[in-house]
Amino acid sequence: MMATVFQNLLSLVEAGAVDVIERVDLPPRTERLRAIPSAFADGPVGRWLTRQYPGGMLWNHQSLALEAIAGGENVVISTGTASGKSLIFQMPLLQAALQGTGKALVLYPLKALLGDQLARWRGVAVELGLPASSVVELSGDIEMFDRESLLSQARIVVATPDIVQSWVMRNVTVPTVRDYLRALRYLVLDEAHAYESVFGSNTAYLLRRIFAAKHRIARGAAGNPLQLIAATATIQNPEEHLRALTGHPFISIGEDQDGSPRQARILLHLAAPQDGGEGALRDVLKRVTAEVLDGRDGTLIAFLDSRQGVERVSSGFESDDIVPYRGGYEAGDRKNIEKRMREGRLRAVISTSALELGIDIPGMTVGINVGVPASKKAFRQRLGRVGRASPGIFAVLADQAAFTKLGSTFQEYYEGSVEPSYLYLDNRFIAYAHAKCLLDEGEQMGASDRQPPGGTEWPKHFAQVFGYALPGGVRPRAFDIINQMSTTASSPHLAFPLRQIGEANFSLVLGSRGATERIGDIAHNQAIREAYPGALYRHYKSPLKVREWRAGAFERSIRLENAHDKRSTRPVLYTSINLGVDADSVVDGRAMSASNGVLAEVSMRVNESVVGFRVGSSTFLYKDLRASDPGMAKRQRDFETTGVVIRIEEPWFAGGAGEQANLRQAFADALYEVLVREKSIAPHDLDRAATRIALIRGGAPHKVTDTIVIYDAVYGGLRLTEPLFSDFSSFLKRLKRAAHTAGDDAFINLKTADKILKWYSGLQEGLAIGGDAAPTRDGELLVYAPGSRVSVRRNGMLLERVILEPSYQEVLGERMLVYSCEGSEGKHFILPDTIEASGQDWRQVYWNPEDGNFTEFDAEQGAF
């Protein structure tokens, strides 16, 4: 009998050759059928359905959803993976294409999913008698000069939201685009649960701009009314999510109506080392793929939430039938991998979340996830990749206490309710970006709007932000940076990508001088962790070295070369946080306090700096390398955000080093892990800190060592940490339960959990009188280091200044922190709140006003 990945893993389990912590067996499920609705029972569509489904019977939920769509309802189908949701929206769209009654736009959240579905769309279209060219792809992979001709012949467009943002809406007055929007009858959102957080909130505004453009184009004339269809995995309150996403009401066809059958599957929690599962995954892959010739009898898919982790694991296999897959690849590499997967020519693929959504490869029989997935939605989606056509196994490769240390079990994790999908439409920076795009679209159409246009329901606070974005509009200073981004790009549509806020991507460029090749792109927050100067950066198994960053007005690129030293590197990454705990800093009055501490949701400023890298046990700092290699320079990211601050002024919690510092870090890690896992928040959208935190008092940031912060790691903040403040007692009880069940493996022990609960029980609503005015224990201020190049704003212009030194001076009768600096007008003083950190040639240090000494961050614990 030929070896398969499924049989190999099952044999290892049954022989006790892998450490199984917990096993959950999912039984098969039989189908429930219902007749094809009358609206789709006749004509080419009816004949095709009858051929595909003998007896004219569909699965129950398919029939119900088609009936509702035929009745003109906006419908969201919220059923499990492999339940045939695509058929539901394909049939009405193809029927409209056959009848010539309107065009359609189908949005997929990922290019990989779009590519997987495009061939299916065209196959069904041809079988129904339509030309294959009636279904076209619009994505960044399609050449610019081909897009108009493709759109003109299309009846159904399958696209990513990204291309609609960067090309379609940027060209709303081009006749082809205008005619297409006028004829648009159906808009489909597949994998609608993926539209959450930053990407989902941006897409929500994009959809409203589409509706507004269609309304403007129609100008009251008869046109196709727009009907919306969405397909999503099982989530809480799908109707509410789609209403928030689109501004339109929906009816839901849900899990209780799902009539699809299911194969039997085995869920496993396999033990992995606490310090990471990459080595354990490599070991399991070697054993499970041994003697397997190809993927025709089953392919293994492994998920690892690290782009460079995917590269490191796959580089351990010389065979070209075990490959990596992640975002950032160029189109050719990506499509080649997808083609080989469908043809069964891969034994295994190691992927980030890029292959999580909707990829239908029936031959995937084994799935492995390194670590606990970030959310239950992600877990259900990844589980859904395996066992579609035959029984499957899905294993979570995580440390033995991965579930118990957070007060849960693997079975409880699987059976627990799936989280809602979160949108943050009140984020002012997201709203401002789309206001600038909307104004540009209106200007193209000859409008001079002073209020958001009609044709859609705008979020509550959008009109105010729209006013800030108007030409000549008076706006708060916080919008200056994002406004500058819109003016330096050729179009706001290009300045504001959907998957981030207020930050532009870097191009990854291989080679130097004239012989260069663009091999992908990377976001700023990823770059300082993966593609920092001197890093070993792996791309499709090839080891590359990062030579330098170029971050000028006309180029944002990271230059790479082939690596001679192939040893892995790790960044030396420091995070510093400035925050206030006063009425102006607290968000919506959300604060509790007592004489021994405070719990509050606040605004803050975060700086992330990569100051060097490590190779093995050796550390290389840029301040030592830069003299001989100018490309080896510190890179940083500075942004405003929101988060929850927890300050416990108790001797068992406060202190600069030792046991208390370890406790603060463990407590911060625990709250972060529970928040990510229970509230379905992408791990990269949150972060935490237990060191290098400064509390602003009297205009100056004072170092504190009794505080932890959990914060949004995105520009402007999305208030993702809001549940931590609202349900803090539930989080603490969860950690106490974990201390009972996990013992020494828990983040914090039972005694500490009781101390924190006691501290929390003494808090009262609001800020104590003089709440943040108590002196800090260390007496140090967080300041810009002498020699830092910063900017100050004068008459709307940024002017460069070189910091000489900080000092205290009398200003209008008050003793205040000031900086002496040099500029074009000579030496003078500036106040801290006039400084804007720009560029990369600045750093912060701790300063003791009593003795004038400075302390560098790298003298502290806590570097990554």
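For the structure, check the block above.
What you are looking at is a predicted structure, and each value in this text was computed from that prediction instead of being measured.

Enquirer: In this structure, what is going on with the overall build of the chain? I would like to understand it.
Expert: Helix and strand counts for the chain stand at 25 helices and 39 strands. For the chain, the C-alpha radius of gyration of 28 Å lies close to 29 Å, the compact-globule estimate for 864 residues. Projected onto its principal axes, the C-alpha positions of the chain cover 90 × 70 × 60 Å. Counting every position in the chain, which comprises 864 residues, the buried fraction comes to 57%.

Enquirer: Quick question: what am I supposed to make of the packing of helix H9 (residues 197–218) against helix H16 (residues 428–444) here?
Expert: Axes are the key here: two packed helices are described by the angle between their axes and the distance separating the axes. Viewed as axis vectors pointing N to C, H9 and H16 meet at an angle of 20°, and their least axial separation amounts to 10 Å. When the axis of H9 is compared with that of H16, the two are roughly parallel. As H9 packs across H16, the resulting crossing turns out to be right-handed. The residues of H16 that touch H9, namely those facing Ser 201, Asn 202, Tyr 205, Leu 206, Arg 209 and Arg 216, are Ile 430, Ala 431, His 434, Cys 437, Leu 438, Glu 441 and Gly 442. By residue class, the composition of the contact of H9 with H16 is 6 nonpolar, 4 polar and 3 charged.

Enquirer: Got a minute to help me understand the nonpolar core in this structure?
Expert: Generally speaking, a soluble globular protein has its nonpolar side chains buried in company with each other. Counting 124 residues, the largest nonpolar core has Leu 189, Leu 579, Leu 599, Ile 646, Phe 667, Leu 671 and Phe 728 as the members making the most contacts within it. The biggest single contributor to this core is H9, with 11 residues. Setting aside residues no more than four positions away along its own chain, Leu 599 makes contact with Arg 590, Ala 591, Met 592, Val 644, Val 645, Ile 646, Phe 725, Phe 728, Trp 759, Tyr 760 and Leu 763. Grouped together as the second largest cluster of nonpolar side chains are 71 residues, Ile 36, Leu 66, Ala 112 and Tyr 329 included.

Enquirer: Before we go on, may I ask you to explain empty space enclosed by the protein in this structure?
Expert: Summary: where empty space remains is shown by rolling a probe the size of a single water molecule over the atoms. Applying the stated criterion across every chain, the model contains 2 cavities of 30 Å³ or more. In this structure, the second largest cavity spans a volume of roughly 40 Å³. As for the second largest cavity, its lining consists of Leu 105, Leu 138, Val 157, Val 164, Val 168, Tyr 180 and Leu 181. Counting residues per element, the ones that place at least two in the lining of the second largest cavity are helix H7 (161–168) and helix H8 (175–183).

Enquirer: It is not clear to me how the sheet that holds strand E21 (residues 556–562) should be interpreted in this structure. Could you clarify?
Expert: Either a parallel or an antiparallel arrangement is found when strands of a sheet pair, and the pairing is made through backbone hydrogen bonds. Read across the open sheet, the 5 strands follow the order E18-E17-E21-E20-E19; overall the sheet is mixed. Edge strands, defined here as strands with exactly one partner in the open sheet, are strand E18 (515–522) and strand E19 (536–539). Between one strand and the next, the sheet's axes are offset by a mean angle of 40°, whatever the strand orientation. Sheet analysis places E19 next to strand E20 (residues 542–551), joined by 4 bridges and oriented antiparallel. By the bridge assignment for E20, His 539 is matched with Ser 542.

Enquirer: Honestly, the sheet that holds strand E8 (residues 184–189) in this entry has me stumped. Any pointers?
Expert: The parallel open sheet is built from 7 strands, whose spatial order is E6-E7-E5-E8-E9-E4-E10. Either end of the sheet is taken by a strand with one partner, and the two such strands are strand E6 (135–138) and strand E10 (251–253). Ignoring which end each strand starts from, the neighbouring axes of this sheet average 20° apart. Relative to E10, strand E4 (residues 75–78) is paired through 3 bridges, and the arrangement is parallel. Of the residues in E10, the one forming a bridge with Val 75 is Ile 251.

Enquirer: Sorry if this is basic, but what is going on with the packing of aromatic side chains here?
Expert: Aromatic ring pairs are defined here through the distance separating the ring centres and the angle between the ring planes. Scanning the model with the defined rule gives 25 aromatic pairs in all. Pairing Tyr 329 with Tyr 540 gives two aromatic rings, centres 5.7 Å apart and planes at 90°, and the pair type is edge-to-face. Taken together, the residues Tyr 329 in the loop between strand E13 (322–325) and helix H13 (331–342) and Tyr 540 in the loop between E19 and E20 connect sequence positions 211 residues apart. You can call Tyr 329 buried: its relative accessible area is 5%. With a relative accessible area of 25%, Tyr 540 lands in the partly exposed category. Each residue in the set Phe 379, Phe 394, Phe 403, Phe 410, Tyr 413 and Tyr 414 is aromatic and connected to the rest through ring pairs, giving one cluster. The ring of Trp 842 is capped by Lys 634, whose NZ or CZ atom sits 5.5 Å from the centre of that ring.

Enquirer: Explain the environment of Glu 330 to me, please; I cannot follow it from the model alone.
Expert: Turning to its location among the elements, Glu 330 is positioned in the loop between E13 and H13. With near-sequence residues (within four places) excluded, Glu 330 lies in contact with Arg 518, Ile 519 and Gly 520.

Enquirer: I tried to follow the pattern of salt bridges on my own but got confused; where do I start?
Expert: Any two side chains of opposite charge can pair if their charged atoms end up close together. Following the criterion strictly, the structure yields 48 salt bridges and no others. Its salt-bridge partner being Arg 262, residue Asp 258 comes within 3.9 Å of it at the nearest N-O pair. The exposure class assigned to Asp 258 is buried, which follows from its relative accessible area of 3%. One salt bridge in this structure joins Asp 521 and Arg 518, with 3.4 Å as the shortest N-O distance. The class for Arg 518 is partly exposed, based on a relative accessible area of 39%. The network of salt bridges with common partners includes Arg 529, Glu 608, Arg 637, Asp 669, Asp 687 and Arg 688.

Enquirer: Would you mind showing me how to read unusual backbone geometry here?
Expert: Note: most residues except glycine have negative phi, and most peptide bonds are trans. Phi is positive for Tyr 540, close to 50°, though the residue is something other than glycine. Residue Lys 541 is not a glycine yet carries a positive backbone phi of 75°. Position of Lys 541 relative to the elements: it lies in the loop between E19 and E20.

Enquirer: Which parts of the structure should I look at to understand the side chain of His 702?
Expert: Relative to the helices and strands, His 702 is located in strand E29 (residues 700–704). The buried category is assigned to His 702, whose relative accessible area is 11%. For His 702, the side chain forms a polar contact with the side chain of Arg 697, separated by 3.0 Å.

Enquirer: I would appreciate a short explanation of the pairing of E20 in the present structure.
Expert: Across a regular strand the side chains alternate sides, sitting on one face of the sheet and then on the other. Hairpin connection between E19 and E20: a loop of 2 residues separates the two successive antiparallel strands, and Tyr 540 in this loop has a positive phi of roughly 50°. Judged from the 7 bridges that link them, E20 and E21 form a sheet pairing that is antiparallel. Bridged to Arg 550 within E21 is Ser 557.

Enquirer: Just to check I follow, could you spell out H8 for this structure?
Expert: A turn of α-helix holds 3.6 residues, and therefore any two residues three or four places apart point the same way. Looking at H8, one finds that the buried residues are Thr 176, Val 177, Tyr 180 and Leu 181. The arc that holds the buried residues of H8, viewed along the axis, is 130°, so those residues lie on one side. Among the structural elements, strand E5 (103–107), helix H6 (144–153), strand E7 (156–159), H7, E8 and H9 are those in contact with the buried residues of H8.

Enquirer: Would you mind going over the environment of Arg 345 with me for this structure?
Expert: By the element assignment, Arg 345 lies in the loop between H13 and strand E14 (348–351). Separated by 252 residues in sequence, Arg 345 and Leu 93 have C-alpha atoms that sit 33 Å apart. In this structure Arg 345 touches Asp 321, Lys 339 and Arg 340, once residues within four positions along its chain are discounted. A polar contact of 2.7 Å, which involves the side chain of Arg 345, links it to the side chain of Glu 343.

Enquirer: Where do I start with the packing of H8 against H9 in this structure?
Expert: Where H8 meets H9, the axes come as close as 9 Å, and the angle between the chain directions of the two elements is 95°. By the angle class used here, H8 and H9 are roughly perpendicular. Together, Arg 178, Leu 181, Arg 182 and Ala 183 of H8 and Ile 210, Ala 213, Lys 214 and Ile 217 of H9 make up the contact between the two elements. Class assignment for the residues of the contact of H8 with H9 results in 5 nonpolar, no polar and 3 charged.

Enquirer: What's the story with the environment of Asp 256 in this structure? I'm lost.
Expert: By secondary structure assignment, the location of Asp 256 is in the loop between E10 and strand E11 (265–271). By relative accessible area, Asp 256 is classed as exposed at 64%.

Analysis parameters
Each chain has its residues counted from 1, running along the sequence as written. A pLDDT threshold of at least 70 governs which residues receive local features in this predicted model, and a stricter bar of 80 or more applies before side-chain atom pairs are shown or counted, although totals over entire chains, interfaces and linings include all residues. Where side-chain values are given, they derive from all heavy atoms of the structure, hydrogens and water being excluded. A run of DSSP states H or I qualifies as a helix once it reaches four residues; a run of E qualifies as a strand once it reaches two. Both are numbered from the N-terminal end. Atoms considered for the radius of gyration are the C-alpha atoms alone. The globule rule reads 2.2 Å times the number of residues to the power 0.38. When a residue's accessible area, from a 1.4 Å probe over protein chains only, is under 20% of the maximum for its type it is buried; when over 50% it is exposed; and in between it is partly exposed. Axis definition: a line fitted to C-alpha atoms, over the contacting stretch in the case of helices. Angles run 0 to 180 degrees between N-to-C directions. Small angles under 35 degrees read as roughly parallel and large ones over 145 as roughly antiparallel, with 65 to 115 read as roughly perpendicular and the rest as oblique. Crossing handedness: left-handed means the near helix sits turned counterclockwise from the far one by under a right angle, and right-handed means the same turn made clockwise. Two residues form a contact once any of their heavy atoms are found within 4.5 Å. Only Asp, Glu, Lys and Arg are considered charged in this grouping, and only Ala, Val, Leu, Ile, Met, Phe, Trp, Tyr, Cys and Pro are considered nonpolar; every other residue, Gly among them, is considered polar. Here, the term nonpolar core denotes a set of buried Ala, Val, Leu, Ile, Met, Phe, Trp, Tyr and Cys residues that are joined through side-chain atoms within 4.5 Å. Whether a set of points on the 1 Å grid over the protein atoms alone is a cavity depends on a 1.4 Å probe fitting there but being unable to get out, while an open set qualifies as a pocket with protein on both sides within 12 Å along at least five of seven lines; lining residues are those with an atom within 4 Å of a point. Grid points are joined across faces, edges and corners, and a volume is the space filled by probe spheres set on the points. The pairing criterion is simple: DSSP has to find at least two bridges between the two strands. Note on ring pairs: Phe, Tyr and Trp rings are taken, using the six-membered ring of Trp, and paired if centres are within 6.5 Å. Classes follow the plane angle, with under 30 degrees stacked, over 60 edge-to-face and the rest tilted. Only lysine NZ and arginine CZ atoms are considered, and such an atom sits over a ring when it is within 6 Å of the ring centre and within 35 degrees of the ring normal. By convention in these notes, a salt bridge is any Lys or Arg side-chain nitrogen within 4 Å of a carboxyl oxygen on Asp or Glu. Residues adjacent in sequence count toward polar contacts only when both atoms are side-chain atoms; beyond that, a polar contact is any pair of N or O atoms within 3.5 Å, and within protein one must be able to donate a hydrogen and the other to accept it. Starting at the helix axis, one direction is taken to each C-beta atom, and the arc is that of these directions.

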